[in-house]
Amino acid sequence: MDTLYASILLDFLGKPLWVWLAFLGVVGALLALDLGVLNRRDHDIGVAESLKLSAFYIAIALLFGGWVWWSLGDEAALLYYTGYFVEKSLSLDNVFVISLIFTYFAVPRAVQHRVLFWGILGVVVLRGLMIGAGAALIAEFHWILYLFGAFLLLTGVKMLVSADSEPDIAHNPVLAFLKRRLPVTDGFHGHHFFVKQPDATGQSGARWMATPLFLALVMVELADLVFAVDSVPAVFAITTDPYLVYTSNIFAVLGLRALYFALAAMVHRFRYLKVALALVLVFIGAKIFYAEFFGKLDPLLSLGVTLGLIGGGVVVSLLKTRHEERQAQPG
């Protein structure tokens, strides 16, 4: 038991403690800047502001990759960048689901950012736990990587088959459970997740009630959990270094939340991107088995294939949807 505990601790940290604390300090500073300065007041975030904030986060992530290159070497940097782009591309599918959640609950645009912000805190903790557990399991049982590979292959094929399907939020069992167990207000109360409301009978005084904004937050966190089940094994298939896996995950999610408001405005234009994401999962899953029989794949080649598939999916989506829109126009 002591040996397993020591293995979990060693493999989860992977690097000196100060390196982890420095990274978490950067993330904490970014979140404080985001909510405390840039978005201190609730407001409708436009496309231009979303793109600027996203460019800032991407620049930070790329600079961090430069630091990885300088301190850990070129191969570690290539693995970090591959993990970052894979995670960022897979998270694009999450944007579609979050957009459906906000539409279902009719969340006002002015408070959507607050839901995404608090959702990030859940991602930082949740993915840390998942990556730590995954690293410990791989260290003890290397064959688990092959389970990851098979899971990614099956998930990619499933995505190809059901590329046009959408989640049924109205009949989600977690949402149904929350509605049964929690008193929920009829409408929103600014950016508050809980408010005090008079008792319906007028005899018990005020009581705390959840708002629909809290239900939206829970559903966003649930969507993050579902997508983490795909994305965390995908990055472990690229590298088993928990530091590279965790940092690439968190930087990708941070930047994507900033980009959400620009992507949500044109989510319909990326209709065929899901096919590209499915092919990325198939490629990464197959890479695990390729490494077993033929040797390790060049990290630069993995990065090139990943970027090629994602870029191709974006280009095809934009061209085909533009053609369909032109055909739909009168005359």
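Given the structure is predicted, the values throughout are model-derived calculations rather than measurements. (Residues numbered from 1 in each chain as written. Predicted model: local features only at pLDDT ≥ 70, side-chain atom pairs only at ≥ 80, totals over all residues. Heavy atoms only, no water.)

K.L.:
Would you take a moment to explain the packing of helix α6 (residues 144-161) against helix α10 (residues 273-294) for this structure?
P.N.:
When two helices pack together, you describe them by how their axes are tilted relative to each other and by the distance separating the axes. At a closest axis distance of 8 Å, the pairing of α6 and α10 adopts a crossing angle of 155°. Classified by the interaxial angle, the pair formed by α6 and α10 is roughly antiparallel. For α6 against α10, the interelement crossing comes out left-handed. For the contact of α6 with α10, a count of residues per class yields 19 nonpolar, 4 polar and 2 charged. (Axes fitted to C-alpha atoms, helices over the stretch in contact; angles between N-to-C directions. Helix = DSSP H or I, 4+ residues; strand = E, 2+ residues; numbered from the N terminus. Parallel < 35°, antiparallel > 145°, perpendicular 65-115°, else oblique. Left-handed = near helix turned anticlockwise from the far one by under 90°. Nonpolar A, V, L, I, M, F, W, Y, C, P; charged D, E, K, R; others polar.)

K.L.:
Explain empty space enclosed by the protein here, please?
P.N.:
To find leftover empty space, a probe the size of one water molecule is rolled over the atoms. One pass over the structure, following the stated rule, counts 4 cavities of 30 Å³ or more. Of the volumes computed, that of the largest cavity is approximately 90 Å³. Lining the largest cavity, in full, are L31, D34, L53, Y57, H113, L116, F117, I120, L254, R257 and A258. Looking at the lining of the largest cavity, the elements that each hand over two or more residues are α2 (17-38), α3 (47-72), α5 (109-140) and α9 (242-264). Tallying contributions element by element places α5 first for the lining of the largest cavity, with 4 residues. Size it by volume and the second largest cavity reaches roughly 60 Å³. Lining the second largest cavity are S91, N94, V95, I98, R127, D224, V253, L256, R257 and Y260. Of all the secondary structure elements, the ones that give two or more residues to the lining of the second largest cavity are α4 (74-105) and α9. When its residues are assigned to classes, the lining of the second largest cavity shows 5 nonpolar, 2 polar and 3 charged. (1 Å grid on protein atoms, 1.4 Å probe; cavity = no way out; pocket = protein on both sides within 12 Å on 5 of 7 lines; lining within 4 Å. Points joined across faces, edges and corners; volume = space filled by probe spheres on them.)

K.L.:
Sorry if this is basic, but what is going on with helix α8 (residues 212-236) here?
P.N.:
Every α-helical turn comprises 3.6 residues, leaving residues that sit three or four positions apart pointing alike. Over its 25 residues, α8 runs 36 Å from end to end, which matches the ideal 36 Å to within 8%, given 1.5 Å per residue. A228 marks the point of greatest bend in α8, at about 35°. (Expected span 1.5 Å × (residues − 1). Bend = angle between axes of the 7 residues up to and from the residue.)

K.L.:
Explain the side chain of S302 to me, please; I cannot follow it from the model alone.
P.N.:
Secondary-structure assignment places S302 in helix α11 (residues 299-328). If near-sequence neighbours (up to four positions away) are discounted, S302 is found in contact with T82, F283, K287 and L297. (Contact = heavy atoms within 4.5 Å.)

K.L.:
Would you mind going over a nonpolar patch on the surface with me for this structure?
P.N.:
On the surface, V157, L160, V161, V275 and L279 cluster together to form a nonpolar patch covering roughly 400 Å² of accessible area. Looking at the nonpolar patch, the elements with two or more residues in it are α6 and α10. Ranked by the residues each element gives to the nonpolar patch, the list is headed by α6, at 3 residues. Looking at where V157 falls in the secondary structure, it is placed in helix α6. (Patch = residues over 30% accessible without salt bridge, like charges linked within 9 Å, V, L, I, M, F, W, Y side chains within 5 Å. Areas by Shrake-Rupley, 256 points an atom, 1.4 Å probe, with all protein chains shown as cover. Salt bridge = Lys/Arg side-chain N within 4 Å of Asp/Glu carboxyl O.)

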